[in-house]
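Descriptive analysis of the structure
One letter stands for each residue in the lines below.
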Amino acid sequence: MASTTTPRTRQTTAARKRAAPKPTPAVDEKEFELVELTSTVEGEERVGLFSIDGTVYTIPKVVPQGIALEFLRIGREHGENVAAVRLLERLLGPEAYTALEQCPTLDDQKMQQIMDMAQKIAFGRAEVKGGKAR
């Protein structure tokens, strides 16, 4: 039984190769400059956020922008409350967050104060409240 498909010839393959345009680079290599980052922060300045029984728990004075971006993404995907919890976890670290979580005297007013301060430090003057900077 004869094949019904036409075998590819050298000519059709060569024609296809000529027809494909070469991609143009988005950036001229001469203008490209590598941005180098590190995953550790040396001598990071921290500020006190709250204390429990005289132990002061701190957060970075200058918050890495990745944390702020994560807050915005989680807020968009899951809501501001979920994002606020994650922001606090990232700023405090696991031990301080657990201490706050287990503190029996933490009430709504104190929690709101802690969250407001954490957001002010994370976002500067453009504090996020209800999706709008104020």
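Above this text is the structure in question.
What comes next is a walk through the structure. (Residues numbered from 1 in each chain as written. Predicted model: local features only at pLDDT ≥ 70, side-chain atom pairs only at ≥ 80, totals over all residues. Heavy atoms only, no water.)

1. Section: the overall build of the protein chain
For the protein chain, the count of helices and strands is 5 helices and 4 strands. From first element to last, N terminus to C terminus, the protein chain shows the α and β order α-β-β-α-α-α-α-β-β. Across the 134 residues of the protein chain, 24% fall into the buried class. Counting only contacts in the protein chain whose residues sit at least 6 apart along the sequence, the fraction spanning at least 24 positions is 48%. In the form shown here, the protein chain has an accessible surface area of approximately 11,100 Å², with 53% of it arising from carbon and sulfur atoms. (Helix = DSSP H or I, 4+ residues; strand = E, 2+ residues; numbered from the N terminus. Buried < 20%, exposed > 50% of the residue type's maximum accessible area, 1.4 Å probe, protein only. Contact = heavy atoms within 4.5 Å. Areas by Shrake-Rupley, 256 points an atom, 1.4 Å probe, with all protein chains shown as cover.)

2. Some thoughts on the packing of helix α2 (residues 65-78) against helix α5 (residues 108-123)
Closest axis-to-axis distance for the α2/α5 pair is 9 Å, and the angle between their directions is 120°. Classified by the interaxial angle, the pair formed by α2 and α5 is oblique. Judged by the sense of rotation from one axis to the other, the crossing of α2 with α5 is left-handed. Contact residues: α2 offers A68, F71 and L72, while α5 offers Q119, A122 and F123. Split by residue class, the contact of α2 with α5 holds 5 nonpolar, 1 polar and no charged. (Axes fitted to C-alpha atoms, helices over the stretch in contact; angles between N-to-C directions. Parallel < 35°, antiparallel > 145°, perpendicular 65-115°, else oblique. Left-handed = near helix turned anticlockwise from the far one by under 90°. Nonpolar A, V, L, I, M, F, W, Y, C, P; charged D, E, K, R; others polar.)

3. Examining the pairing of strand β2 (residues 55-60)
Taken together, the 6 bridges between strand β1 (residues 46-52) and β2 define a ladder with antiparallel strand orientation. Looking at the pairing, I52 lines up with T55 of β2. (Pairing = 2+ DSSP bridges.)

4. Some thoughts on helix α3 (residues 80-92)
Taking 1.5 Å of rise per residue, the 13 residues of α3 would be expected to cover 18 Å, and the 18 Å separating its terminal C-alpha atoms lies within 8% of that figure. Every buried residue of α3 is listed here: A83, A84, L87, L88, L91 and L92. What you see down the axis of α3 is that its buried residues fit within an arc of 150°, all on one side. If you follow the buried residues of α3, they end up packed against β1, β2, α2, α4 (94-101) and α5. Phi turns positive one or two residues past the end of α3, at G93, with a value near 90°. (Expected span 1.5 Å × (residues − 1). Arc of directions from axis to C-beta.)

5. Regarding the nonpolar core
Among the nonpolar cores identified, the biggest contains 26 residues, and L49, F50, L88, L91 and L92 are the most heavily contacted of them. For this core, the secondary structure elements donating two or more residues are β1, β2, α2, α3, α4 and α5. With residues up to four places along the chain from it excluded, the contact list for L88 reads L49, G93, Y97, L100, M111, I114, M115 and A118. (Core = buried A, V, L, I, M, F, W, Y, C linked by side-chain atoms within 4.5 Å.)

6. Digging into the packing of α3 against α5
Direction vectors running N to C along α3 and α5 enclose 75°, while the axes themselves pass 10 Å from each other. By the angle between their directions, the pair α3 and α5 is classed as roughly perpendicular. Residues E80, A84, L87, L88 and L91 of α3 pack against M111, I114, M115, A118, Q119 and A122 of α5. The class makeup of the residues in the contact of α3 with α5 is 9 nonpolar, 1 polar and 1 charged.

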